[in-house]
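# Structural description and commentary
Take a look at the letters that make up each chain.
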Amino acid sequence: MTERVDAIVIGAGHNGLVCGAYLARAGLKVLFLEARDTVGGMTSTCNIDDDHRIPGLAHLSFPVCPGIRKELKLDDFGYSPGKAVNTIALDESGRHLSIGQQIVSAPGLGDRDVSAYVQFKKEFLDCAKALRPLFESKPPRLKDMDFADKLTLAKLGWNIRVGLGRESMYEFLRVAAMNMYDVLEEVFDDERLKGALAADAVLGHHMGPRSPGTVLTWIARLYGELNGPLSVVCGGPSQLGHALLQSAEASGATVRLRARVKKILLEKGRASGVEMEDGEIVQARLIVSNADPRSTFLDLIGAPELDAMFARRVSQIRGAGDVAKLHLALSGTPEFTGLSASDIENRLLIAPSANYVEHAFNHAKYDQYSTDPILEITVPSLHNDTLAPRGHHVMSVTIMYAPYCVAGGWQEQKATFEDQVIAQIGRYAPGLESLIVNHDLLTPQDIEHKYHVRQGHWHHGEMTLHQSFMMRPVHGAAQYDTPVDGLYLCGAGAHPGGGLTGLPGRNAAKRILATGTST
Amino acid sequence: MIVKKEHFRQALQHSPFHPRLAALSQTEEWTGWNGYMAPRILDKLSTEYFAVRSSCSVMDLTPMEKYRISGTDAYRFLDRLVTRDLSKLKPGRVTYVIWCNDEGKLIDDGTLFQFDEVHYRLCSQHHQLDWLMTSSMGFDVTIEVETHDVAALAVQGPTSNSVLKEAGIDGLDELLPFGIASLYCQDFPVTVSRTGYTGDLGYELWISPDNALQLWDAIFAARARYDVHAMGLSTLEMVRIEAGFIMPGFDFNTAESAVRAGYDRSPYEVGLGWAVNLDKGHFTGRKALLAEHSRPAERRLKKIIVEGNKPVGEAFIYDGKNGRRVGEIKCATWSPILKANLALADIECAGGNLPKHIWARIDYQRELKWMSTWAECRVVDKPFYRPEHRAATPPKHY
């Protein structure tokens, strides 16, 4: 007999869990089908070897959206954002820059930059605040708006005009479509500071600071900061994925791990269930896909079951991953020149100037990995001592840029790239190489296979303007419902996109509960 | 390919039949058709018209868009492309098909030939390669333009069967309407389909361009016993309106040519709802058409007979004489055989209903002086001209 539930959520990453938890709370019988052996998707912990564990992909995060935290009672289920960390922008000569939420300090940093940073952060956090209604609702349609869409636009208009005030609104409208590089040039003098902020604006995207739209990606990142300070993801029961699963389970949802969906089944054009890889069929009247849009439509549904132009639009989604991840198991505490032991608990960033970041991106445009990449380093074992044996540590490094398709093929290039990155960190942390007991590099192709996300893209698709808001992932599927009745999107490929906000999941659940449960 | 390397030096290319057409042309009235030089009128409109309605007329169809579609998924690809249920199509048969974009708006129409389970030919009014390629994602199918590789000739009219027999093509008597036969003319192969755009008995012949002139000469050799004429596009326009056939891009804007919102048309709006099957599997536009199907059509393309004998050119349609303007005539012809003004008109249907009294305001010239008159219009649902002998199998022999 085939199992039947109300809603199947494909993929128990954080957005899938958020969406499923809301649906379960609304009384639906929810089943999560997760291909991997753990929930939490890119936030889940994985093994480097038998002794060393490390956060898989996302090693830093802002707290989840407070509304979700409250409504799903995540704190009752053990969730707590980790200890706040600052960003330390590393300088090869040891004149490191410490960047907090409001304060920046460094040897040799001019007073003008120090005060400009305070003003800069305030202005852009205000912009992120003004855009809140847009992030936290389904993106409004411009044609055939419903009441909710009009309300979102009205709130957005109010926030921008009245919330920001006239001067800030003018400034917002001026810079919104600019690139980050130009904005930074206007405001700051210090190269280290510009480099660090430029890196923040492009992290996870196939964009350099001079690419159009990078002010918007920076604002999207700041949206996360509205929820609280950045912290290191380090596994354990306080993690988002665990708390979300427990919250969902408390409402009656169930999860099946190592359960990979092969096809979404259709009955007269309506999604009616899924077929698992082992041939098992599970039926449901709602199928919610947390898989990326291209996998959902082109693999799980198949172009022949879609209208031709829609299928083409989906196939044209820009979303080739450009980030690699390096995991190092270390036999001791790494030491960085000019940093104290407690400094290493922070987020360490190698992006010494905005030009450095742009240069790093140049390579990626031509299918090469950066010879001097942006590196974002954490040592999660300093926050959770169960990740490594006593005295040992694990280091997590996000590397940009490492294009999905690299000339010569990753098979050939991977070892060289890995050595190059380790040597680069070694310039800031002498002696690192001698501490390495094990290492593991994930290229975008590895990320694709490990996390089942097309082309290994963190955000399931570039967050460019033409793939945002009412065009995310493509028009025709931008309000979480899709051309296939009964099928919904709830992942990072949907509005408002990637990041550990949980918003695509929550917005999708609201949409489903508003439209999908009656049929 | 008969497209020569230097083809771009010539604005319009010559079809393989061109030497014969050029020899017959007394008017030199040529026009462009899909990049080819095609005759509007060769000698006299009335001669050409009466040939197709009372004896036999030949028309060069080479410029028509032709696509060779093959592969293991060819059937699935086509069934997802067109709105019709193709499961009834059999090898050796032809069917009329239409296809829509995602919004359920018509892109084009055409005839689909099934040679066997994995080999098809799609003939269309407009260039469709881009849409076919777009639609092919996810299918194991090969799509090739064969417009220039296949010469085509329409042989139409009550005596067309006899003419072809006289030309040495045997085996047509048992061929049913919409059937395909692989035959020989002299020593070269000819694929014959019992299809056409005239509403009369008629055939379309598909051959290698290398044999084009031989075929033409064989058919025109039948002039010894039968009246055989060549016809141009002007005659075709008359007879296709009589037969009630519509022409995408002329009688209505196709989805790919419409610029303004609401200027494109759905199958229901142009009277092609019969060619849409919402119960078959998925096809492009199905969801949009399903939604549209449940609403009354807001406008319809209707066949009308306009009273009187004033030539109907471009005219507006009104709800009652001197009433509200509700539409316009898209194409019209005087039908010599029916002695009537025939037209296709795009008419608004408030609440799904046609206006009770439809009138046209006709502007015409009398000795170069513009006159205006009102003519009542009668809506006709069946084709205007649909002779019995069209479908008789075997056809009457002359």
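All values reported here derive from a predicted model rather than from experimental measurement. (Residues numbered from 1 in each chain as written. Chains lettered and ligands numbered in written order. Predicted model: local features only at pLDDT ≥ 70, side-chain atom pairs only at ≥ 80, totals over all residues.)

### Some remarks on the overall build of chain A
Secondary structure summary: chain A contains 17 helices and 19 strands in total. Against the 2.2 N^0.38 benchmark of 24 Å for 519 residues, chain A shows a C-alpha radius of gyration of 22 Å, consistent with a compact globule. Seen through its C-alpha atoms, chain A measures out along the principal axes to roughly 65 × 60 × 45 Å. Out of the 519 residues in chain A, the part that is buried amounts to 55%. In chain A, the proportion of contacts linking residues at least 24 apart, taken out of those at least 6 apart, comes to 73%. (Helix = DSSP H or I, 4+ residues; strand = E, 2+ residues; numbered from the N terminus. Rg over C-alpha atoms; globule rule 2.2 N^0.38 Å. Buried ≥ 20, exposed ≤ 12 C-beta atoms within 10 Å, placed from the backbone. Contact = placed C-beta atoms within 7 Å.)

### Details of the overall build of chain B
If you tally the helices and strands in chain B, you get eight helices and 19 strands. Computed over C-alpha atoms, the radius of gyration of chain B comes to 21 Å, within 12% of the 21 Å expected from 2.2 N^0.38 for 398 residues, which places it in the range of a compact globule. Each principal axis of the C-alpha atoms in chain B carries an extent, and together these give about 65 × 55 × 45 Å. Contacts spanning at least 24 positions in sequence make up 67% of the contacts within chain B whose residues lie at least 6 apart.

### Comments concerning the interface of chain B and chain A
In this complex, chain B contributes 14 residues to the contact, which on the side of chain A involves 13 residues. Elements represented by at least two residues in the side of chain B that touches chain A include exactly α3 (74–81), α4 (129–135) and α8 (286–293) of chain B. Within the side of chain B that touches chain A, the residues separate by chemical class into two nonpolar, seven polar and five charged. (Nonpolar A, V, L, I, M, F, W, Y, C, P; charged D, E, K, R; others polar.)

### Some thoughts on unusual backbone geometry
A negative phi angle is the norm for most residues apart from glycine, just as the trans form is the norm for most peptide bonds. In this structure, A:Tyr401 follows A:Met400 across a cis peptide bond, with omega equal to 10°. Tracing the backbone shows A:Tyr401 in the loop between β17 (393–400) and α14 (410–428). A cis amide bond links A:Arg472 to the next residue, A:Pro473, at an omega of -5°. Mapped onto the secondary structure, A:Pro473 falls in the loop between α16 (444–451) and β19 (487–489). Although it is not a glycine, B:Asn322 sits at a positive phi angle of roughly 65°. As for its placement among the helices and strands, B:Asn322 is situated in the loop between β15 (316–319) and β16 (324–335). With 9 C-beta atoms counted inside 10 Å, the residue B:Asn322 sits in the exposed group. With a phi close to 50°, B:Lys339 is a non-glycine residue in the positive phi region. If you trace the backbone, B:Lys339 turns up in the loop between β16 and β17 (340–348).

### Some remarks on the environment of A:Leu226
Residue and element names in this part refer to chain A. Assignment of secondary structure puts leucine 226 in the loop between α9 (214–225) and β9 (231–232). Once the C-alpha coordinates of leucine 226 and tyrosine 170 are considered, the two residues, 56 residues apart in sequence, prove to be 22 Å apart. When residues no more than four places from it in sequence are discounted, the contact partners of leucine 226 are Leu125, Ala128 and Lys129.

### Focus: the domain arrangement of chain B
According to the domain assignment, chain B consists of domain 1 (10–62 + 150–231) and domain 2 (298–380). Using C-alpha coordinates to define each centre, domain 1 of chain B is positioned 33 Å away from domain 2 of chain B. (Domains from an automatic or database assignment.)

### Examining the packing of helix α11 (residues 293–301) of chain A against helix α12 (residues 308–315) of chain A
Residue and element names in this part refer to chain A. Running from N to C, α11 and α12 point in directions that differ by 135°, and their axes come no closer than 9 Å. When the axes of α11 and α12 are compared, the pair comes out oblique. Relative to α12, the crossing made by α11 is left-handed. Counted together, Pro293, Arg294, Phe297 and Leu298 of α11 and Ala311, Val314 and Ser315 of α12 form the full contact between these two elements. Partitioning the contact of α11 with α12 into residue classes produces five nonpolar, one polar and one charged. (Axes fitted to C-alpha atoms, helices over the stretch in contact; angles between N-to-C directions. Parallel < 35°, antiparallel > 145°, perpendicular 65-115°, else oblique. Left-handed = near helix turned anticlockwise from the far one by under 90°.)

### With respect to the sheet that holds β15(B)
Residues and elements named next belong to chain B. On the basis of which strands lie adjacent, the closed barrel formed by six strands has the order β14-β17-β16-β15-β18-β19 and antiparallel pairing. Neighbour-to-neighbour, the strand axes of this sheet turn through a mean angle of 40°, independent of strand direction. Docked against the sheet, helix α7 (residues 233–242) engages β16 and β17, running at close to 115° with respect to β16. (Pairing = 2+ DSSP bridges.)

### Some thoughts on the pairing of β15(B)
All names here are of chain B. Across four bridges, the pairing between β15 and β16 is antiparallel. Looking at the pairing, phenylalanine 316 lines up with glutamate 328 of β16. Between β15 and β16, which pair antiparallel in sequence order, lie four residues; one of them, glycine 320, sits at a positive phi of approximately 85°. Examined bridge by bridge, β15 and strand β18 (residues 358–366) share four bridges and lie antiparallel to one another. When the bridges of β18 are listed, phenylalanine 316 appears paired with arginine 361.

### Topic: the pairing of strand β15 (residues 347–350) of chain A
Residue and element names in this part refer to chain A. Burial along β15 is two-sided: the residues Arg347 and Leu349 and Leu348 and Ile350 are all buried. Pairing geometry for β15 and strand β16 (residues 374–378), over three bridges, is antiparallel. When the bridges of β16 are listed, isoleucine 350 appears paired with leucine 375.

### With respect to the nonpolar core
Membership of the largest hydrophobic core comes to 161 residues, with the highest contact counts inside it found for A:Ile8, A:Ala198 and A:Val288. With 104 residues, the next largest nonpolar core counts B:Met64, B:Val228, B:Ile241 and B:Val306 among its residues. (Core = buried A, V, L, I, M, F, W, Y, C linked by C-beta atoms within 7 Å.)

### Overview of helix α3 (residues 111–130) of chain A
Residues and elements named next belong to chain A. Between its terminal C-alpha atoms α3 stretches 29 Å, which fits the 28 Å expected from 20 residues at 1.5 Å a residue. Among the residues making up α3, those that are buried are Tyr117, Phe124, Cys127 and Ala130. Considered in projection along α3, the buried side chains sweep an arc of 160° and stay on one side of the axis. Facing away from the buried side of α3 by over 90 degrees, the exposed positions are Asp111, Ser115, Val118, Gln119 and Lys122. Where α3 is buried, its residues touch β8 (104–105), α4 (132–135), α5 (147–163), α6 (165–175), α8 (191–202) and α9. (Expected span 1.5 Å × (residues − 1). Arc of directions from axis to C-beta.)

### Brief notes about the packing of helix α1 (residues 14–25) of chain A against helix α10 (residues 240–250) of chain A
Residues and elements named next belong to chain A. It is the contact of α1 with α10, at a shortest axis distance of 8 Å, that shows an interaxial angle of 20°. Between α1 and α10, the crossing angle belongs to the class labelled roughly parallel. Of the two elements, α1 crosses α10, and the hand of that crossing is left-handed. Counted together, His14, Leu17, Val18, Gly20, Ala21 and Ala24 of α1 and Leu240, Gly241, Leu244, Leu245, Ser247 and Ala248 of α10 form the full contact between these two elements. The residue makeup of the contact of α1 with α10, split by class, is eight nonpolar, four polar and no charged.

### Thoughts on the confidence of the model for chain B
Here chain B shows a mean pLDDT of 95. Residues at 70 or above account for 99%. Across the interfaces of the predicted complex, the ipTM metric reaches 0.93, alongside a pTM of 0.94. (pLDDT = per-residue confidence, 0-100.)

### Looking at the environment of A:Val357
Residue and element names in this part refer to chain A. By the element assignment, valine 357 lies in helix α13 (residues 354–365). For valine 357, a count of 31 C-beta atoms within 10 Å translates into the label buried. For the pair valine 357 and tyrosine 428, spaced 71 residues apart in the sequence, the C-alpha separation amounts to 18 Å. Those residues within four positions of valine 357 in sequence are excluded, and the remaining contacts are Gly195, Ala198, Ala199, Val202, Gly208, Pro209, Ala351 and Ile374.

### Some points on the sheet that holds strand β9 (residues 151–156) of chain B
Residue and element names in this part refer to chain B. Spatially, six strands are ordered β10-β11-β12-β9-β3-β13 in an open sheet, and the strand pairing comes out mixed. Sheet topology places β10 (180–185) and β13 (228–230) at the edges, where each strand pairs with a single neighbour. For this sheet, the mean inter-axis angle between neighbouring strands, taken without regard to orientation, is 25°. With respect to the sheet, helix α2 (residues 45–54) is in contact with β3 (56–60), β9 and β13, its orientation differing from that of β3 by roughly 110°.

### Thoughts on α8(B)
Every buried residue of α8(B) is listed here: B:Arg286, B:Lys287, B:Leu289 and B:Glu292. At its buried positions, α8(B) is contacted by β5 (93–100) of chain B.

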